[in-house]
Amino acid sequence: MTQEERKLLAWHETLELHEMVAFQSTGLMKLKMSINKVTDHELKELYRKCINDLEGNLKELLKFYPQAPGYQAREDDEREDLGFFAADLLALSKTLVRNLAGAITETATPTLRHVFTRQLQGAIHGHERIFTYMHKHGYYPAYDLGKLLGHDIENANKALRMKY
């Protein structure tokens, strides 16, 4: 199959696209909310560079959404900031699960491995609680790909429009 023949993204790449856009949108919003609290000039410039990089990434990735299975063009629907805060918490919990799993594979001391394993179980339960909250409140429509992708686009556009 040639590149021109491919009309849609594959399901697995659509989900990776979703994860990357959701993660970078939340990160961009957080950076824009925080930059004015940074007093060190050099660090502030690093924030600006990161903001510009993430904005470029999002603009580039959003172009793929019309090729995603389940994509439905929608008008932006401004949602309350609770969705942002929940998404930020979910991203933290996902990262914690991944990091603890990696740490377990690198640990030779049984006692420390046991602690990491116990913390991993707690992190998994924490992730479930956050996901359940988000799903219940409509912030993460995991079982409706069209809505999920629509939320990605809304959040990315909101992040791109934010002033700092």
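Read on for an overview of the structure. Predicted, not measured: the structure shown is a model, and the values here were computed from it.

So, the nonpolar core
Phase 1 of the analysis: Core analysis: the biggest nonpolar cluster contains 30 residues, and Leu17, Val21, Leu28, Leu58, Leu62, Tyr65 and Met134 have the highest contact counts within it.
Phase 2 of the analysis: Those elements that place two or more of their residues in this core are α1 (11-34), α2 (41-62), α3 (82-106), α4 (110-136) and α5 (145-161).
Phase 3 of the analysis: Ranked by the residues each element gives to this core, the list is headed by α5, at 7 residues.
Phase 4 of the analysis: If we ignore the near neighbours within four places in the chain, the residues touching Tyr65 are Leu17, His18, Val21, Tyr71, Leu149, Asp152 and Ile153.

Quick word on α4
Phase 1 of the analysis: Between its first and last C-alpha atoms α4 spans 39 Å; for 27 residues at 1.5 Å apiece the expected length is 39 Å, and the two agree.
Phase 2 of the analysis: Among the residues making up α4, those that are buried are Leu120, Ala123, Gly126, Ile130 and Met134.
Phase 3 of the analysis: Looking at the buried positions of α4, the neighbouring elements they touch are α3.
Phase 4 of the analysis: Once α4 ends, the next one or two residues include Gly138, with phi positive near 80°.

About the thresholds
- Residues numbered from 1 in each chain as written.
- Predicted model: local features only at pLDDT ≥ 70, side-chain atom pairs only at ≥ 80, totals over all residues.
- Heavy atoms only, no water.
- Core = buried A, V, L, I, M, F, W, Y, C linked by side-chain atoms within 4.5 Å.
- Buried < 20%, exposed > 50% of the residue type's maximum accessible area, 1.4 Å probe, protein only.
- Helix = DSSP H or I, 4+ residues; strand = E, 2+ residues; numbered from the N terminus.
- Contact = heavy atoms within 4.5 Å.
- Expected span 1.5 Å × (residues − 1).

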